[in-house]
Amino acid sequence: MLPENVADLISKKYEEAVNNGHLCFTESTTKKLKDANSGMNYVVSYAPSLASKPERGDQPDKNPFAEPEPELTVVENVADGEYKLLLNKFPIVPEHTLLVTNTFKDQKSPLSPLDLMTAYNLLLKLDDEDENKRHMMIYNSGPSSGSSQDHKHLQTLRLPQNFVTLQDRICAGKSHFLPDFKTEPLQDDKVSFAHFVLPLPESEEDVNEDLLAMCYVSLVQRAFTFFQDWAGEKPELANSRGYNVLMTKNWICVVPRSSTRAKSLQIGFNATGYAGLILVKTQEAYDQILQLPHKIDEALLECGFPNSAGKKQTEYNY
Ligand code: B4P
C-alpha cells in the first residue's frame with residue numbers, strides 16, 4: 001500500500017526539492033500562546049512574505065495536481081494507483097505532504113473509506129514515539145473551508161513538538177465510541193465554535209476502512225445539520241457545505257465552516273486553525289493576537305458555527 005520506508009523517502013525527496021529549487025519553503029516566526037478563557041493552545045506562525053502570494057499560486061487556472069512535478073512526487077502509485085504522494089510545493093512546515101487522487105475527483109466530494117484508511121496508514125508510518133513526532137491529516141472541503149485547489153487532496157503535516165490540541169485534550173482518557181441517538185460526539189464547551197470529535201481505537205489493529213468511514217459519516221452528518229439549520233437565515237451556507245476534517249492516530253474531528261476569512265482579524269483559516277495552528281500574514285493581525293489571544297477564538301467562530309455542546313442532534317436538527 002505505502003512503502004515501509006515512506007518517512008525516509010519523504011525526507012530525502014524534500015531535501016532534494018529544497019536544494020534544487022522546486023519547493024518554496026516559507027520561513028515563519030512561531031509563537032506558542034494559550035487562551036485562558038477557552039483553554040485552547042495555539043502555535044501562531046507569522047509569515048509576512050505570504051501576504052503577497054497569489055491565492056492559487058502563479059498559475060491560477062492550472063490544476064497543479066493533474067500532472068504533478070516529478071521533483072515533488074514521493075510515491076507515484078499509492079493504494080493500487082489510486083493516489084500519488086506529493087510534497088507540498090509551498091509549505092511553512094518541512095516535509096508537508098499531499099495525498100492526491102490520480103484521476104480528477106472534486107475536493108467537495110466526501111472522503112471515501114479508502115481515502116481515510118490510506119491517510120491513517122500514512123500517519124502510522126510517519127509518527128515516531130521515540131522521536132516524539134506526531135502528524136495530522138487535514139481535508140479542506142468546499143469553498144468556505146479554506147481550500148484553494150479543486151482536485152481532491154488530503155494533506156499531512158507534522159504537529160509542533162509537545163503540542164496539545166483541543167482534540168487531544170477532550171479525548172484524553174476516553175475510549176473509542178460511535179455516536180448514536182443517545183450519545184453525541186465530543187465537543188469542548190469552553191471554545192466558541194462547533195467541532196465534533198471521536199476518539200479512535202488505541203490499537204491500530206482495531207482500525208479499518210469501515211470503522212473510519214462510520215466515524216467520518218457520523219461527524220459529517222452533524223456538520224450538514226448545521227447547514228440545514230442556517231438555510232433560512234443564510235441560504236448561501238446551505239449550498240456551500242464547507243467543512244474541515246482533521247485526523248491523528250488518536251482521534252478524528254469534523255468542523256462545519258461558514259467562511260474562509262474572519263473579517264475581525266483579517267485572517268483566513270483552513271483545518272489547521274481548528275487544531276490551534278494559526279497562520280498569520282500581516283503584522284496588524286499578529287500584534288492583535290499577541291495582545292489578546294482570545295481574538296483567535298472569536299475569529300474561529302466567525303468562520304465556523306456556534307458550539308452545540310450539550311445539545312442532542314435532534315435539538316438542533318429540523
Ligand atoms: P488547499 O487545501 O487547497 O489550501 P491550503 O492548504 O489552505 O493552502 P493555500 O494554498 O490556500 O495557501 P495558504 O496561504 O493558506 O491545499 C492546496 C495545497 O496544494 C496547498 O498546501 C498548496 O501549497 C499546495 N500546492 C499548490 N500548488 C502546488 C504544486 N504545484 N505542487 C504541490 N503542491 C501544491 O497557506 C500557505 C501554506 O501554508 C500552504 O501550504 C498551507 O497548506 C500551509 N499552512 C496553512 N496554514 C498552516 C498552519 N497553520 N500550519 C502549517 N501549515 C499551514
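Below you will find a few notes about this structure. (Residues numbered from 1 in each chain as written. Predicted model: local features only at pLDDT ≥ 70, side-chain atom pairs only at ≥ 80, totals over all residues. Heavy atoms only, no water.)

### Side note on the packing of aromatic side chains
Moving on, step 1. What the rule picks out here adds up to 8 aromatic pairs.
Moving on, step 2. Geometrically, the ring pair formed by Tyr-46 and Tyr-286 is stacked, given 4.5 Å between the ring centres and 10° between the ring planes. In this pair, Tyr-46 sits in strand β2 (residues 41–46) while Tyr-286 sits in helix α6 (residues 283–291), placing the two residues 240 residues apart along the sequence. Residue Tyr-46 shares its accessibility class with Tyr-286, and that shared class is buried.
Moving on, step 3. Geometrically, the ring pair formed by Phe-224 and Tyr-243 is edge-to-face, given 6.0 Å between the ring centres and 75° between the ring planes. You can see Phe-224 sitting in helix α4 (residues 209–230) and its partner Tyr-243 sitting in strand β9 (residues 242–247), a full 19 residues away along the chain.
Moving on, step 4. A residue is classified by how much of its surface remains accessible, and Phe-224, at 22% relative accessible area, is partly exposed.
Moving on, step 5. Ring pairs connect the aromatic residues Phe-196, Phe-224, Phe-226, Phe-227, Tyr-243 and Phe-305, which therefore count as one cluster.
Moving on, step 6. Cation over ring: Arg-241 sits above Phe-224, and NZ or CZ is 4.2 Å from the ring centre. (Phe/Tyr/Trp six-rings, centres within 6.5 Å; stacked < 30°, edge-to-face > 60°. Helix = DSSP H or I, 4+ residues; strand = E, 2+ residues; numbered from the N terminus. Buried < 20%, exposed > 50% of the residue type's maximum accessible area, 1.4 Å probe, protein only. Lys NZ or Arg CZ within 6 Å of the ring centre and 35° of its normal.)

### Comments concerning the packing of helix α1 (residues 6–19) against helix α2 (residues 113–126)
Moving on, step 1. It is the contact of α1 with α2, at a shortest axis distance of 8 Å, that shows an interaxial angle of 80°. The pairing of α1 with α2 is recorded here as roughly perpendicular in orientation. Along the contact surface, α1 presents Val-6, Ala-7 and Ile-10, while α2 presents Leu-122, Lys-125 and Leu-126.
Moving on, step 2. Of the residues in the contact of α1 with α2, the class split is 5 nonpolar, no polar and 1 charged. (Axes fitted to C-alpha atoms, helices over the stretch in contact; angles between N-to-C directions. Parallel < 35°, antiparallel > 145°, perpendicular 65-115°, else oblique. Contact = heavy atoms within 4.5 Å. Nonpolar A, V, L, I, M, F, W, Y, C, P; charged D, E, K, R; others polar.)

### Quick word on the site of the ligand
Moving on, step 1. As a matter of local geometry, the ligand sits amid 26 residues, with Asn-88, Ser-148, Gln-149, Gln-155 and Lys-281 nearest to it.
Moving on, step 2. In the model, an oxygen atom of the ligand is placed 2.6 Å from a nitrogen or oxygen of the Asn-88 side chain.
Moving on, step 3. In this structure, a nitrogen atom belonging to the ligand sits 3.2 Å away from a main-chain N or O atom of Lys-89.
Moving on, step 4. Relative to its unbound accessible surface of 860 Å², the ligand loses 91% to contact with the protein.
Moving on, step 5. Those elements giving two or more residues to the shell around the ligand turn out to be β7 (153–158) and β13 (277–280).
Moving on, step 6. Of the residues contributing to the shell around the ligand, the split by class is 12 nonpolar, 11 polar and 3 charged. (Near = heavy atom within 4 Å. Polar contact = N/O pair within 3.5 Å; in protein donor to acceptor, adjacent residues only side chain to side chain. Areas by Shrake-Rupley, 256 points an atom, 1.4 Å probe, with all protein chains shown as cover.)

### Overview of the environment of Arg-257
Moving on, step 1. Tracing the sequence through the fold places Arg-257 in strand β10 (residues 251–257).
Moving on, step 2. Arg-257 has contacts with Ser-144, Ser-145, Phe-227, Gly-242, Tyr-243, Asn-244, Phe-269, Asn-270, Tyr-274, Cys-303, Gly-304 and Phe-305, leaving out every residue within four places of it along the chain.
Moving on, step 3. Separated by 3.2 Å, the side chain of Arg-257 and the backbone oxygen of Ser-145 make a polar contact.

### Focus: the sheet that holds β13
Moving on, step 1. Judged by pairing direction, the sheet is mixed, and its 3 strands sit side by side in the order β1-β2-β13 without closing on themselves. Bordering the open sheet on either side are β1 (29–34) and β13, each of which pairs with just one other strand. Put simply, the sheet's adjacent strands are angled 25° from each other on average, direction ignored.
Moving on, step 2. Here β1 runs beside β2; their pairing, made up of 6 bridges, is antiparallel. The residue of β2 that forms the bridge with Lys-31 is Val-44.
Moving on, step 3. The strands touched by α6 are β1, β2 and β13; relative to β1, the strand with the most contacts, the crossing angle is about 30°. (Pairing = 2+ DSSP bridges.)

### Considering the environment of Phe-104
Moving on, step 1. Mapped onto the elements of the fold, Phe-104 is located in the loop between β5 (97–101) and α2.
Moving on, step 2. C-alpha separation for the pair Phe-104 and His-151, spaced 47 residues apart in sequence, amounts to 5.9 Å.
Moving on, step 3. Once residues lying within four places of it in the same chain are set aside, the contact partners of Phe-104 are Asn-63, Asp-150 and His-151.

### Considerations on the pattern of salt bridges
Moving on, step 1. Under the defined criterion, the tally for this structure stands at 11 salt bridges.
Moving on, step 2. Across the salt bridge formed by Lys-125 and Glu-4, the nearest N and O atoms sit 3.8 Å from each other. In this pair, Lys-125 sits in helix α2 while Glu-4 sits in the segment before α1, placing the two residues 121 residues apart along the sequence.
Moving on, step 3. Taking the relative accessible area as the measure of exposure, Lys-125 reaches 25% and is therefore partly exposed.
Moving on, step 4. For Glu-4, a relative accessible area of 69% gives the class exposed.
Moving on, step 5. Here Arg-169 ties to Asp-188 by a salt bridge, and the two come within 2.3 Å at their closest N and O atoms. Pair noted here: Arg-169 is in helix α3 (residues 166–171) and Asp-188 is in the loop between α3 and β8 (196–199), with a separation of 19 residues, a long-range link.
Moving on, step 6. Among the residues examined, Arg-169 registers a relative accessible area of 28% and is labelled partly exposed. (Salt bridge = Lys/Arg side-chain N within 4 Å of Asp/Glu carboxyl O.)

### Quick notes on the packing of α2 against α4
Moving on, step 1. Where α2 contacts α4, the two axes come as close as 8 Å, and the packing angle between them is 110°. By the angle class used here, α2 and α4 are roughly perpendicular. Two secondary-structure elements touch here, α2 through Pro-113, Leu-114, Leu-116, Met-117 and Tyr-120 and α4 through Glu-209, Leu-212, Ala-213 and Tyr-216.
Moving on, step 2. Grouping the constituent residues of the contact of α2 with α4 by class yields 8 nonpolar, no polar and 1 charged.

By themselves, these figures tell us nothing about what the structure is for.
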